[in-house]
Every structure is written in structure tokens, then in C-alpha cells.
Amino acid sequence: MGLEWSSPGERQPLIPQRGPRSPRLFGRRWLVLFLFSLLSFLQGLVWNSWGPIQNSAQAAFGFSKIDIALLVLWGPIGFLPCFLLMWLMDTRGLRVTVLLTAFLMVLGAGLRCVPVVDLSLRRKLIHGGQLLNGFAGPTVINAAPYLSTTWFSPDERATATAIASMLGYLGGACAFLLGPLIVPAPNSTSGFLLDHGLVGSIKDRIEGVLYAEFGIISVVFAAIVAYFPARPPVPPSVAAASRRLSYRNSIFKLLSNFRFLMIALAYAIPLGFYSGWSGVLDLILTPIHVTQVDAGWIGFWSAVGGCVVGIGVGRFADFIRGVLKPILLLLFSGATFSAAWFTLTFLSSVTHLPLTTATLYTSCIMLGVFLNGTIPIFFELFVETVYPVPEGIACGLVTFLSNMFMGILLLFLTLYHIELSWLNWCLTGSCLLSLLCILCFRESYDRLYLDVFVSV
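Residues numbered from 1 in each chain as written. Predicted model: local features only at pLDDT ≥ 70, side-chain atom pairs only at ≥ 80, totals over all residues. Heavy atoms only, no water.

The name given to the chain in an unreviewed UniProt entry is Solute carrier family 49 member 4 homolog, with Hymenochirus boettgeri as the source organism. UniProt lists a comment for the chain under the heading Subcellular location (unreviewed entry), and it reads "Lysosome membrane". According to the UniProt record, the Function (unreviewed entry) comment for the chain reads "Mediates H(+)-dependent pyridoxine transport." (UniProt positions renumbered as here; feature names shortened; annotations may be inferred.)

J.: Can you lay out the overall build of the chain for me, pointing to particular residues and giving the numbers?
T.: Counting its regular elements, the chain contains 21 helices and zero strands. The buried share of the chain, reckoned over its 456 residues, is 57%. Counting contacts in the chain only where the partners sit at least 6 residues apart, residues at least 24 apart contribute 86% of the total. (Helix = DSSP H or I, 4+ residues; strand = E, 2+ residues; numbered from the N terminus. Buried < 20%, exposed > 50% of the residue type's maximum accessible area, 1.4 Å probe, protein only. Contact = heavy atoms within 4.5 Å.)

J.: Give me the lowdown on the packing of aromatic side chains, citing residues and values where you can.
T.: Applying the stated rule across the entire model yields 16 aromatic pairs. A centroid spacing of 5.1 Å and a plane angle of 75° characterise the contact between W30 and F152, whose relative ring orientation is edge-to-face. Taken together, the residues W30 in helix α1 (residues 29-47) and F152 in the loop between α7 (137-151) and α8 (157-182) connect sequence positions 122 residues apart. Classification of W30 as partly exposed rests on a relative accessible area of 41%. Centre to centre, the rings of F260 and F382 are 6.1 Å apart; their planes meet at 75°, and the pair counts as edge-to-face. Of this pair, F260 sits in helix α12 (residues 258-279) while F382 sits in helix α18 (residues 375-386); the two residues are 122 residues apart in sequence, bridging distant segments of the chain. Both residues of the pair, F260 and F382, belong to the buried class. (Phe/Tyr/Trp six-rings, centres within 6.5 Å; stacked < 30°, edge-to-face > 60°.)

J.: Help me get a handle on the pattern of salt bridges, residues and values and all.
T.: Inspection of the entire model under this criterion finds four salt bridges. Where R122 meets E207, a salt bridge forms, and the shortest distance between an N and an O atom there is 2.8 Å. You can see R122 sitting in helix α6 (residues 119-135) and its partner E207 sitting in helix α10 (residues 198-226), a full 85 residues away along the chain. Given the relative accessible area of 2%, R122 is considered buried. What makes E207 buried here is its relative accessible area of 16%. As a salt-bridge pair, D318 and R315 come within 3.6 Å of each other at their nearest N and O atoms. Placement of the pair is D318 and R315 together in helix α14 (residues 292-319), with a separation of three residues, close to one helical turn. Judged by relative accessible area, which is 32%, R315 ranks as partly exposed. (Salt bridge = Lys/Arg side-chain N within 4 Å of Asp/Glu carboxyl O.)

Printed below as a string of C-alpha cells:
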């Protein structure tokens with residue numbers, strides 16, 4: 001079970017297993033999960049606002065391709081204060097951290113809506129708003145396991161983690177759908193657009209989306225201020241009330257644990273590459289004459305399918321415990337196959353694979369389903385592997401690495417104008433590398449041991 005990782009004292013519960021302070025559940029846990037998931041959804045929606053409508057944004061605001069890449073890049077750059085937010089969550093709790101996160105999102109969404117005439121200044125404000133939204137990313141991604149442990153019982157934790165962590169990706173998926181449907185794409189005759197004032201119409205549509213997002217985020221922020229407790233009156237499980245390592249000791253433990261570093265890289269490399277790849281999916285598909293709307297639908301169904309599978313496998317992991325590694329092996333086998341299929345399809349003149357809309361849809365959607373579906377399972381495995389390290393610290397370090405890989409990838413694209421087709425090969429290789437790492441990984445379930453055996 002990997003019990004050498006934690007000392008016997010650290011595995012002792014702080015609450016009795018029976019009596020008035022014994023573990024219990026509260027119905028309000030679902031309201032807390034709903035508010036957090038909605039905040040995560042909106043953060044993902046704002047982060048991916050510009051990629052699906054980049055052609056329209058270039059026509060309306062004068063964005064260059066570098067600007068579009070930077071708008072996506074602000075997401076991983078926003079993870080630079082990740083360790084500060086992890087410390088805040090560990091010392092001040094969930095409510096303070098979520099309130100700060102929601103405030104940053106409101107401020108960022110408001111900056112994007114400032115009605116200035118100067119397009120150069122307007123572009124700077126939009127970039128600033130995207131950066132503030134990026135600063136909210138570490139909390140909405142990392143806090144899901146912390147929330148599930150704090151509020152949910154052992155047979156609901158994986159499900160709660162899946163819902164809280166996958167809703168952010170669903171927000172990014174809805175951006176693929178809402179953006180192209182609301183904002184019209186410019187045609188190839190840009191002079192015609194200028195003569196007939198259609199650029200102004202595109203700009204008005206984009207601003208309407210920005211104002212709507214600002215209004216919804218403000219309402220959610222008000223709801224969190226009104227009600228979002230730090231923790232329930234009584235912990236829901238023995239593990240939720242057990243002692244945890246300090247922030248400094250946790251970082252030292254994580255960096256010195258080879259098994260954790262192995263599984264962390266198995267998560268960070270492919271998920272980081274996939275985030276960067278999906279952020280410029282429109283540009284990747286443009287050379288083979290896939291329209292902005294079609295690229296948006298591909299991205300949408302990829303993320304939606306991954307959310308459905310992620311929540312489904314999370315619920316399955318709650319019913320049948322101790323099978324996180326087999327689930328990851330199955331999902332990454334499918335991801336590696338799908339990525340290879342998509343990559344080889346681009347070489348249809350050599351591989352003779354059919355390059356059709358159907359094959360592109362199928363391979364992209366399968367890739368998104370399998371990769372996104374691994375996220376909640378990874379989070380639960382991180383926590384089980386390094387317990388009693390706090391959930392936010394363990395997941396925060398991993399997502400920081402993932403966004404670092406994503407940022408490096410986008411930075412190379414921005415500075416060196418690398419051929420986008422190489423991203424397909426990088427994604428395929430990263431999936432295969434992670435599959436091998438997971439195959440060699442020795443799993444352990446220290447937190448599950450505490451709840452199942454110590455509490456009996």
C-alpha cells in the first residue's frame with residue numbers, strides 16, 4: 001500500500017469514528033460543488049474566447065497571429081503564482097482562495113469590456129484581462145481534489161473531483177461552439193468587409209460576448225461572497241480530518257519522490273501539449289481547408305466527450321476502488337492510437353489514409369475523449385500516492401508543470417514560427433511516452449487505506 005511514505009502518527013485520525021463528531025455528510029456539499037464548478041466553467045470559457053474566433057478578432061481589433069497566440073499563452077503564464085495560491089489554500093483555506101480567484105476573474109472580464117476608441121489600448125486591456133483570468137487557473141484546476149476531500153465521502157470523492165475538474169474543460173469546449181456561432185467569420189474579400197461596415201458588426205458581436213461573460217461572472221462572484229464556506233461543520237471522512245504535512249515539507253516530499261515525479265510527467269507532458277495543440281487547432285486545420293466553424297465543432301465535441309468520459313470513469317472509480325492505474329492505461333492506449341491516426345491522416349499521400357471531415361472529426365474527438373478523461377483519475381492518483389501531502393499542493397505542482405510545457409510549446413510557435421504539423425508528432429510521442437510511464441508506475445492508496453481500514 002505504500003505506507004512507508006507516511007508515518008503512523010500522520011495516519012491517525014483527528015476525529016473519533018463514532019459519537020457526535022463522527023464523520024457525516026451535509027446536503028450543502030452539492031451547492032458548494034455547483035458554485036465551484038460554475039466558476040471553473042467560466043474560467044475555461046474566458047480563456048478560450050479568442051482561439052475559435054481568431055480570424056474575426058484579427059478583422060475587428062487588428063490582432064496579429066502573435067496576439068492570438070499570446071491570448072492563449074496568458075493561461076499558462078497565469079500559473080506563475082501557482083505556488084503562492086497553493087500556500088494560500090493550505091494556510092487560509094478554500095473560501096479565501098476561491099474568493100480571490102473569483103475577484104480576479106471579475107476584474108479581468110471587466111478590463112476586456114472597457115470601451116476605449118483606441119484599438120491599440122483596447123488590445124492591451126484585453127491582454128490584461130486574459131492574464132488576470134489566467135491567474136485564476138491554478139485554483140479552479142488544483143482545488144478540485146481538495147474540495148472533494150473536504151466535503152465528500154470516500155465513495156463520492158472521485159465523482160466530485162471529476163465534476164469540479166472537468167467543468168473548466170467544458171467551458172473551453174463551449175467557447176469552441178459559442179464563439180463561431182455568435183461571431184461571424186470574415187470572408188476572403190476583406191475590402192468588401194470594410195466597404196460595407198461588416199467589420200463593425202463583427203466587433204459588436206464580440207463585444208456582446210465580452211459583456212455577457214462579465215455579467216455572468218459578476219453574478220457568480222456575488223453568490224460565492226454570499227455563501228461558500230471553507231469547510232463543513234464536521235468532516236465527511238477520517239482522511240478529511242487527518243493531519244497533513246506542512247507546506248515546506250510537502251514540497252520537499254514531492255520533489256524527492258521518484259514515483260510521484262514519474263506520474264507527474266506522465267500527466268504534464270501530454271496534457272500540456274494537448275492544451276497548446278487544441279488552442280491553435282484552427283490554424284492546424286486551415287491548410288486542409290477546414291473552416292472556422294468546423295474547427296470549432298471538432299474542438300467542442302472533443303472536450304465535451306472528454307468531460308462525459310472523465311465524470312463516468314470517476315464514478316466508476318468510486319464504485320470499484322483501487323483501479324486507477326488500469327483506467328489510465330486503457331485511456332492512454334486510446335489516446336496514443338487516436339493521436340497517431342490524426343497525425344498520419346495529414347500524410348495521406350504517403351499513408352493513403354482518407355483525409356475527410358469524418359476522419360478528422362473522429363480522430364480529434366477520440367483524442368479529446370481519451371486525454372481529457374484521464375484528468376480526474378490522475379488527480380485522485382496523485383493524492384493517493386503522496387498522502388498526507390495536501391491535495392492542493394500535490395495537484396498544483398503537477399498542473400504547474402503541465403502549463404509550463406504548454407507555455408514552452410506556444411512560445412516556440414510564437415518566436416520561431418515552427419511548422420504546425422510538427423505539433424501532431426509531438427502530441428503522439430508524448431502520449432506514447434506517458435503510456436510507458438504509467439505502465440512502469442507502482443500505484444499505492446494511502447488515503448484509501450486510512451478511510452477503509454483505520455476507520456473500521
